[in-house]
Amino acid sequence: ALPGSNNSLKMFADGLAAHGIASVRFDKRGIAASRAAAGKEEDLRFDNYVSDAEGWLKQLRADSRFTTVSVAGHSEGSLIGMIAAREAGADGYVSLEGAGRKPKQILIEQLTPQLPPAMLATSIHIMDLIEAGAPPDTTTVPPMLAPLFRPSVRPYLVSWFRYDPAIEIAKLKIPALIVQGTTDIQTSMTDAHALAAGYPSGRLLTIEGMNHVLKNAPPGRAEQMSSYSDPTLPVVPKLIDEVSAFVMGLKRRA
């Protein structure tokens, strides 16, 4: 929805490479070169994304060039990554600006300043039905909310709403690094603390002044939006140094 690119993940990968750490980035199912893999919208499930990540992990694990295999999941990928790391037997896990609350809670928080009270109440009712696994009939969704709760996307929401990141991260049995920037306008320290509480053996790393796209930015929404479309603004160096040290300190699981 924003013009241009910020190249944050490319910069992150280049930084890891400078420390001798190889990485794989792939287009999310339905995006760019993976567009054809999406299929029909009504058939898409959150677990498809998890399976895709698991497939890459298993392929890398079978490659003798790599000593350890870890997952770094950014934003929505934090939840995807923690599940895939568990299922595919990763050696380590890194959450980058990940949500620590259930998807419904985050959507409510995002919709609250945008909708009038009556429409917000309707949205919460619809999400309650979706969370219970009973998507509302088309007639119960006002036109204004149709883009978010259209029939073809509801099965995906049902599959997504059943996960709680704070519960899923507690199922890990590997070293974990939970990274959160203090100027992130999409996730917050509340999320990071929820993840850390769910997995006390993990390490919480707070990076002052880092925003959601892993760059130094002021706290205001308007003031930092330019960083979302600036491919020249570098990723925070401390992030690369800390994640590199974490990965280099891992041992291969049996």
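As shown above, the structure is provided for reference.
Scoring rules and cut-offs
Sequence positions are assigned chain by chain, starting from 1 and proceeding in written order. Per-residue local features are limited, in this predicted model, to residues with pLDDT of at least 70; the limit for side-chain atom pairs, both in listing and counting, is 80 or more; totals at the level of whole chains, interfaces and linings are taken over all residues. Processing note: side-chain calculations cover all non-hydrogen atoms of the structure and skip hydrogens and water entirely. Only DSSP runs of H or I reaching four residues or more are called helices, and only runs of E reaching two or more are called strands; each is numbered from the N terminus. With a 1.4 Å probe rolled over the protein chains alone, any residue whose accessible area is under 20% of its type maximum counts as buried; one over 50% counts as exposed, and the rest are partly exposed. Two aromatic rings from Phe, Tyr or Trp, using only the six-membered ring of Trp, form a pair when their centres are within 6.5 Å; if the ring planes differ by under 30 degrees the pair is stacked, by over 60 it is edge-to-face, and anything between is tilted. Contacts are assigned to residue pairs that have any heavy atoms within 4.5 Å of one another.

Visitor: Help me understand unusual backbone geometry, please; the structure alone is not making it clear to me.
Guide: The phi torsion of most residues other than glycine is negative, and most of the peptide bonds are trans. Although it is not a glycine, serine 75 sits at a positive phi angle of roughly 60 degrees. In this structure, serine 75 sits in the loop between β1 (70-74) and α3 (76-88). Looking at serine 75, the relative accessible area reads 25%, which means it is partly exposed.

Visitor: Before we go on, may I ask you to explain the packing of aromatic side chains in this structure?
Guide: Aromatic ring pairs are defined here through the distance separating the ring centres and the angle between the ring planes. For the structure on display, the rule yields six aromatic pairs. Look at phenylalanine 26 and tryptophan 56: their rings are 5.7 Å apart centre to centre, the planes differ by 25 degrees, and that puts the pair in the stacked class. With phenylalanine 26 in the loop between α1 (8-18) and α2 (46-61) and tryptophan 56 in helix α2, this residue pair connects regions lying 30 residues apart in the sequence. Residue phenylalanine 26 is classed as partly exposed on the basis of its relative accessible area of 36%. Considering the side-chain rings of phenylalanine 46 and tyrosine 156, the 6.4 Å spacing of their centres and the 55 degrees angle between planes classify their relative orientation as tilted. One end of the pair, phenylalanine 46, is in helix α2; the other, tyrosine 156, is in helix α7 (residues 154-161), with 110 residues separating them in the sequence. Among the aromatic residues, those joined into a cluster by ring pairs are Phe46, Tyr49, Tyr156, Trp160, Phe161 and Tyr163.

Visitor: Hey, could you run me through α1 in this one?
Guide: In an α-helix, one full turn covers 3.6 residues, which means residues spaced three or four apart are oriented alike. Every buried residue belonging to α1 is among Ser8, Met11, Phe12, Ala13, Gly15 and Leu16, and all of these are buried. For α1, the secondary structure elements touched by its buried residues are β1, β2 (92-96) and α11 (237-248). Count one or two residues on from α1 and you reach glycine 20, which has phi positive near 85 degrees.

As far as function goes, none of this settles anything; it's purely spatial.
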